[in-house]
Amino acid sequence: MIFGSIAALTRNHLPDRLIIFFSTLLTSLPSFVLGTLLLLVFCVKLGWIPVWSVDNRNYVLPVISLAAYPMAYITRLTKTSMLDVMGQDYVRTARAKGVSTLKVIFKHTLRNALIPVITYVGPMTASILTGSLVVEQIFTIGGLGAKFVDGITNRDYTLIMGTTIFLAVLMVTVNLITDIVYKLIDPRIKLD
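Residues numbered from 1 in each chain as written. Predicted model: local features only at pLDDT ≥ 70, side-chain atom pairs only at ≥ 80, totals over all residues. Heavy atoms only, no water.

K.L.:
Explanation requested: the overall build of the chain in the structure shown.
P.N.:
Scanning the chain from terminus to terminus reveals 9 helices and 0 strands. Traced from its N-terminal end to its C-terminal end, the chain shows the element sequence α-α-α-α-α-α-α-α-α. Taken over the C-alpha trace, the chain has a radius of gyration of 21 Å; the compact-globule value for 192 residues is 16 Å, which it surpasses by more than 25%. Principal axes of the C-alpha set define a box for the chain whose edges measure 65 × 50 × 25 Å. Within the chain, the fraction of its 192 residues that count as buried is 32%. (Helix = DSSP H or I, 4+ residues; strand = E, 2+ residues; numbered from the N terminus. Rg over C-alpha atoms; globule rule 2.2 N^0.38 Å. Buried < 20%, exposed > 50% of the residue type's maximum accessible area, 1.4 Å probe, protein only.)

The structure is reproduced here in C-alpha cells:
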C-alpha cells in the first residue's frame, strides 16, 4: 500500500518506474517458483539459512514467497486507485482551497482509494491459506494444506470435511470483517 501510494505520487518518475517494474515482476512469478529461487539463492548458494533443520523454524523464506504476489498486486491496485481518486473534483477543490498536501493525501485521497484494496484483501487472506499447499511442500512445513492432502490420500473424510468447513468459516469471517472495515473507512456506506 505504501509503495502504491509512492508510485502514484511520483507518477512517471524513477520511483514509480522501479516500483511498477518490481511489482509486475512479482505479480508474474508464481509462489512456488519464487520459493524455489529463494531456496537456491539463500540456502544453497549463500548458505545464510539452512535448507532443513530439526525444529524447522525458518519461516522467512516461506513468508516472502507467499507474500510477494499479494504485496505486488496491492501495490498496483493502490497506485491505480490513488491516480483515479487524485483526478476527482473534491481533491482539486481541496487543493484549490489551500489544504496542505499531506492532509489532501491522507484525508481525501488515500482514504477513498482504500476501498478497492480492502475488497481485494478480504478474499486474498483466505486464498493465501488455501494456496500455501505447494509452498508448504517446497519448504517442508507441516500445515493445513499438508493435513488436507494427507486426508485426501488416506480417505479421511472427517479431516477433509473439517478442513473444508474451517476454510468456509474463515472466508465468511474475513468477508464480514471486510464489510465492517468498509464502514470504518467510509462513513457513507450503510451496513444493513
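So that's the structure; there's more coming.
K.L.:
Where do I start with a nonpolar patch on the surface in this structure?
P.N.:
Nonpolar side chains collect at one region of the surface, where Leu37, Leu40, Val41, Val44, Leu46 and Trp48 lie side by side and expose about 600 Å² of accessible area between them. In this fold, Val41 is placed in helix 3 (residues 31-45). For Val41, a relative accessible area of 39% puts it in the partly exposed group. (Patch = residues over 30% accessible without salt bridge, like charges linked within 9 Å, V, L, I, M, F, W, Y side chains within 5 Å. Areas by Shrake-Rupley, 256 points an atom, 1.4 Å probe, with all protein chains shown as cover. Salt bridge = Lys/Arg side-chain N within 4 Å of Asp/Glu carboxyl O.)

K.L.:
Teacher, can you tell me more about unusual backbone geometry here?
P.N.:
Backbone geometry follows two general trends: most residues other than glycine have a negative phi, and most peptide bonds adopt the trans configuration. Of note in the backbone geometry, Asn12 takes a positive phi value of approximately 65° without being a glycine. Its location among the elements puts Asn12 in the loop between helix 1 (2-9) and helix 2 (14-28). For Asn12, a relative accessible area of 51% translates into the label exposed. We note that Arg155 has phi near 55°; this positive angle belongs to a residue other than glycine. Residue placement: Arg155 occurs in the loop between helix 8 (144-153) and helix 9 (157-185).

K.L.:
Just checking my understanding: could you explain the packing of aromatic side chains for this structure?
P.N.:
The description of an aromatic ring pair uses the distance of the two centres, along with the angle that the planes make with each other. Per the stated rule, a full pass over the model turns up 3 aromatic pairs. Centroid distance Phe21 to Phe22: 5.2 Å. Interplanar angle 75°. Geometry classified as edge-to-face. Ring pairs connect the aromatic residues Tyr69, Tyr73 and Tyr120, which therefore count as one cluster. (Phe/Tyr/Trp six-rings, centres within 6.5 Å; stacked < 30°, edge-to-face > 60°.)

K.L.:
What is the right way to read the side chain of Ser81 from this model?
P.N.:
Relative to the elements of secondary structure, Ser81 occurs in helix 4 (residues 60-86). By relative accessible area, Ser81 is classed as buried at 9%. Those residues in contact with Ser81 that lie beyond four places of it in its chain are Ala113 and Pro116. (Contact = heavy atoms within 4.5 Å.)

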